[in-house]
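These are the residues of each chain, in order.
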Amino acid sequence: MEDYRVRYQQWLEDPFIDEETKAELRGITDENEIKERFFKELEFGTGGLRGIIGNGSNRLNRYTVGKASQGLANYIKKEGTQKQGVAIAYDSRFMSPEFAEVAGLIFAANGIPAYVYPSLRPVPMLSFAVRELGCTAGVVLTASHNPPEYNGYKVYWADGAQVVAPRDKGIITEVNAVENFGQIQRMEKAEAVEKKLYTLIGEEVDEAFDRNVQAQLMNPEMIARMGDKLNIVYTPLHGSGNLPVRRNLAKAGFKNVFIVKEQELPDSSFSTVDYPNPEDTKVFTLARKLAAEVNADVLIGTDPDCDRMGAMVKDSEGNFVALTGNMVGALATDYILSQRKEQGRLPANGVVVKTIVSTEMITPICRAYGVGKIDVLTGFKYIGEQIKGFEETGSHTYLFGFEESYGCLAGTYARDKDGVYAAVLVCEMAAYYKEKSMTLYEALLKLYEKYGYYRDGVKSMTMKGLEGMARIQRIMKTFRENTPKELGGYKVVMAKDYQTQVFRNLETGEESGSPLPVSDVLHYTLEDGTWVCIRPSGTEPKLKFYIGVKADDLQAAQDKVDALDADIEAKVAEIA
Ligand SMILES: O=P(O)(O)OC[C@H]1O[C@H](O)[C@H](O)[C@@H](O)[C@@H]1O
């Protein structure tokens with residue numbers, strides 16, 4: 001019998017799986033569906049679990065969530081930190097509150113107090129709660145910006161960041177060591193509540209979070225002057241941002257905030273969008289309609305777990321243009337550093353942290369302010385890890401961190417990207433430049449004039465299921481074994497392989513090691529300074545190509561990106 005059939009049979013016979021689940025599984029008539037659901041165990045990776053909701057070993061359900069929770073509980077018990085408890089949050093996805101309760105009661109049954117938010121909350125608020133409540137770990141039930149059929153289980157440690165090596169491996173080992181669902185401990189909710197092993201997180205934690213977000217404002221007096229002059233359209237995209245973003249915009253002093261009514265309330269189907277990801281400007285269709293009605297200066301959108309924020313602002317002709325994560329990163333780096341300098345608050349050991357696939361435009365900006373810049377692998381958890389390191393050694397003062405994938409954070413109250421803060425930040429910057437009769441887009445053009453015309457692109461190729469996974473591996477292997485000599489007509493001069501940890505200068509043949517952990521990432525530097533990076537997404541069935549160029553004007557920069565894009569597409573098409 002094929003492996004997936006064996007696994008299917010095991011589920012049908014498992015005494016710890018309920019009858020309703022088994023009946024549903026027995027009813028599947030499509031062999032391929034059985035295969036997709038059972039060809040593997042849903043892998044508990046470094047980011048936790050992420051998968052399609054449903055019954056099966058390769059799906060997210062109360063059993064796979066249960067196994068993850070029991071494994072995490074076992075890990076915590078070995079660490080001896082169970083008294084500190086685990087904080088739990090969830091977003092607006094299907095089964096999010098149910099899975100949150102399943103997880104909480106498993107921790108409770110293991111003698112680990114669970115502190116659960118009473119309703120949906122953003123990821124950064126969980127990160128904050130872990131620190132505020134002194135918990136040993138945290139869990140968020142969310143699949144971030146994935147399509148509605150997905151859910152996930154993100155794991156945080158005591159510092160408030162998602163787990164990194166070596167702890168991630170330790171937790172994975174414990175999760176994998178849970179051999180059968182019978183090992184999952186359970187407790188009735190009434191008993192857990194009575195024993196204070198299952199407690200709802202109170203409003204005071206929300207208030208403390210807000211105070212920390214507000215403390216990041218650079219110019220409260222300016223907002224007091226401009227708060228009623230900036231028109232803001234906000235869409236929570238049916239997710240957890242709705243209340244905290246609006247509350248924080250109001251607390252900051254923004255008076256004219258218009259909400260996209262159709263997307264205001266939680267909706268697990270995200271029925272007004274294809275895909276609740278602010279990276280996709282289509283999510284702003286309704287917001288743009290409202291923007292025209294209210295003459296908005298800026299449109300803001302946050303993803304379901306409100307760690308990502310996307311924005312659109314007016315160009316000089318009054319047309320709305322999307323600000324990418326890189327553009328927000330560059331604008332914010334410049335804004336925060338310049339304001340700090342003006343206010344005499346720029347520490348000598350200040351640093352900005354970004355990922356290796358995020359724009360290089362901040363390099364000259366940081367240099368201009370005498371501030372350091374650190375690059376880490378993709379994933380905000382690595383920015384969180386840096387903050388923890390700075391705290392331990394006192395080596396740097398963290399000023400700002402961002403990723404091209406629409407996430408940023410200033411301050412250290414949270415250790416994951418904060419869409420609530422990002423929304424307030426973009427509005428603060430828009431107000432600041434509006435007072436100087438500029439739109440945020442015009443401010444960006446000024447930065448290009450000063451620092452160079454940087455343009456960054458990301459090309460995502462979706463490759464789903466078993467076949468897609470194999471194809472992604474073939475493409476990575478082909479590039480890895482045959483370093484391209486040229487890309488987009490430019491010579492490749494440096495090839496960095498973060499998997500083999502070999503960085504090779506193709507001109508001199510010199511080789512050096514990698515300063516970052518092992519990761520399936522290839523990075524090429526071209527003769528004109530352009531860079532191209534290839535990596536499989538860690539969160540979606542996608543292969544991602546990132547491109548970063550600098551040119552003499554915006555058009556030339558875009559042409560370069562387009563040429564590289566086309567060349568990469570052609571090279572990938574040649575691979576079977
Ligand atoms: O490119 P991926 O592996 O899909 O990850 C892209 C992003 O996904 C999530 O949003 C994580 O929280 C980010 O930190 C990460 O950068």
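Per an unreviewed UniProt entry, the chain is named phosphoglucomutase (alpha-D-glucose-1,6-bisphosphate-dependent), and its organism is Anaerotignum faecicola. Per its UniProt entry, the chain bears the Catalytic activity (unreviewed entry) comment "alpha-D-glucose 1-phosphate = alpha-D-glucose 6-phosphate". As its UniProt record puts it under Cofactor (unreviewed entry), the chain is described as follows: "Mg(2+)".

Visitor: When you look at the domain arrangement of the chain in this model, what are you seeing that I'm missing?
Guide: Reports of interface size often rely on the accessible area that becomes lost once the parts have come together. With domains assigned, the chain is organised as domain 1 (1-39), domain 2 (44-204), domain 3 (232-451) and domain 4 (453-573). One C-alpha centre belongs to domain 2, the other to domain 3; they are set 28 Å apart. Summed over both sides, the interface between domain 2 and domain 3 buries roughly 2,400 Å², with carbon and sulfur atoms accounting for 60% of that surface. Between lysine 154 and aspartate 305 there is a salt bridge, with the nearest N and O atoms lying 3.2 Å from each other.

Visitor: How should I be thinking about the UniProt feature "domain: Alpha-D-phosphohexomutase C-terminal" (unreviewed entry) in the chain in this particular structure?
Guide: In the numbering used here, UniProt assigns the "domain: Alpha-D-phosphohexomutase C-terminal" (unreviewed entry) feature to residues 505-558. The span residues 505-558 shows a helical share of 9% and a strand share of 44%, and its end C-alpha atoms are spaced 27 Å apart.

Visitor: Explain the pattern of salt bridges to me, please; I cannot follow it from the model alone.
Guide: Two side chains with opposite charge may pair up if their charged atoms get near one another. By the definition in use, this model includes 41 salt bridges. Here aspartate 91 makes a salt bridge to arginine 93, at a shortest N to O gap of 3.7 Å. Pair check on accessibility: aspartate 91 and arginine 93 agree, each one buried. Of the charged contacts, one joins arginine 246 and glutamate 264 as a salt bridge, the two residues approaching to 2.8 Å between their closest N and O atoms. Taken as a pair, arginine 246 in helix α11 (residues 242-252) and glutamate 264 in the loop between β8 (256-259) and α12 (285-294) lie far apart in primary sequence, 18 residues in all. The exposure class of arginine 246 is partly exposed, given its relative accessible area of 28%. When its relative accessible area of 13% is taken as the criterion, glutamate 264 is described as buried.

Visitor: Explain empty space enclosed by the protein to me, please; I cannot follow it from the model alone.
Guide: Space left empty within the atom packing is revealed by a probe, the size of a water molecule, rolled over the atoms. Throughout the structure, instances matching the rule amount to one cavity of 30 Å³ or more. One number sums up the size of the largest cavity: a volume of about 50 Å³. Elements with a contribution of two residues or more to the lining of the largest cavity: α13 (325-342), β14 (397-403) and β15 (407-409). With three residues, α13 is the single largest residue contributor to the lining of the largest cavity. Of the residues assigned to the lining of the largest cavity, the class counts are six nonpolar, three polar and one charged.

Analysis parameters
- Residues numbered from 1 in each chain as written.
- Predicted model: local features only at pLDDT ≥ 70, side-chain atom pairs only at ≥ 80, totals over all residues.
- Heavy atoms only, no water.
- UniProt positions renumbered as here; feature names shortened; annotations may be inferred.
- Domains from an automatic or database assignment.
- Buried area = accessible area lost by both parts, 1.4 Å probe.
- Salt bridge = Lys/Arg side-chain N within 4 Å of Asp/Glu carboxyl O.
- Helix = DSSP H or I, 4+ residues; strand = E, 2+ residues; numbered from the N terminus.
- Buried < 20%, exposed > 50% of the residue type's maximum accessible area, 1.4 Å probe, protein only.
- 1 Å grid on protein atoms, 1.4 Å probe; cavity = no way out; pocket = protein on both sides within 12 Å on 5 of 7 lines; lining within 4 Å.
- Points joined across faces, edges and corners; volume = space filled by probe spheres on them.
- Nonpolar A, V, L, I, M, F, W, Y, C, P; charged D, E, K, R; others polar.

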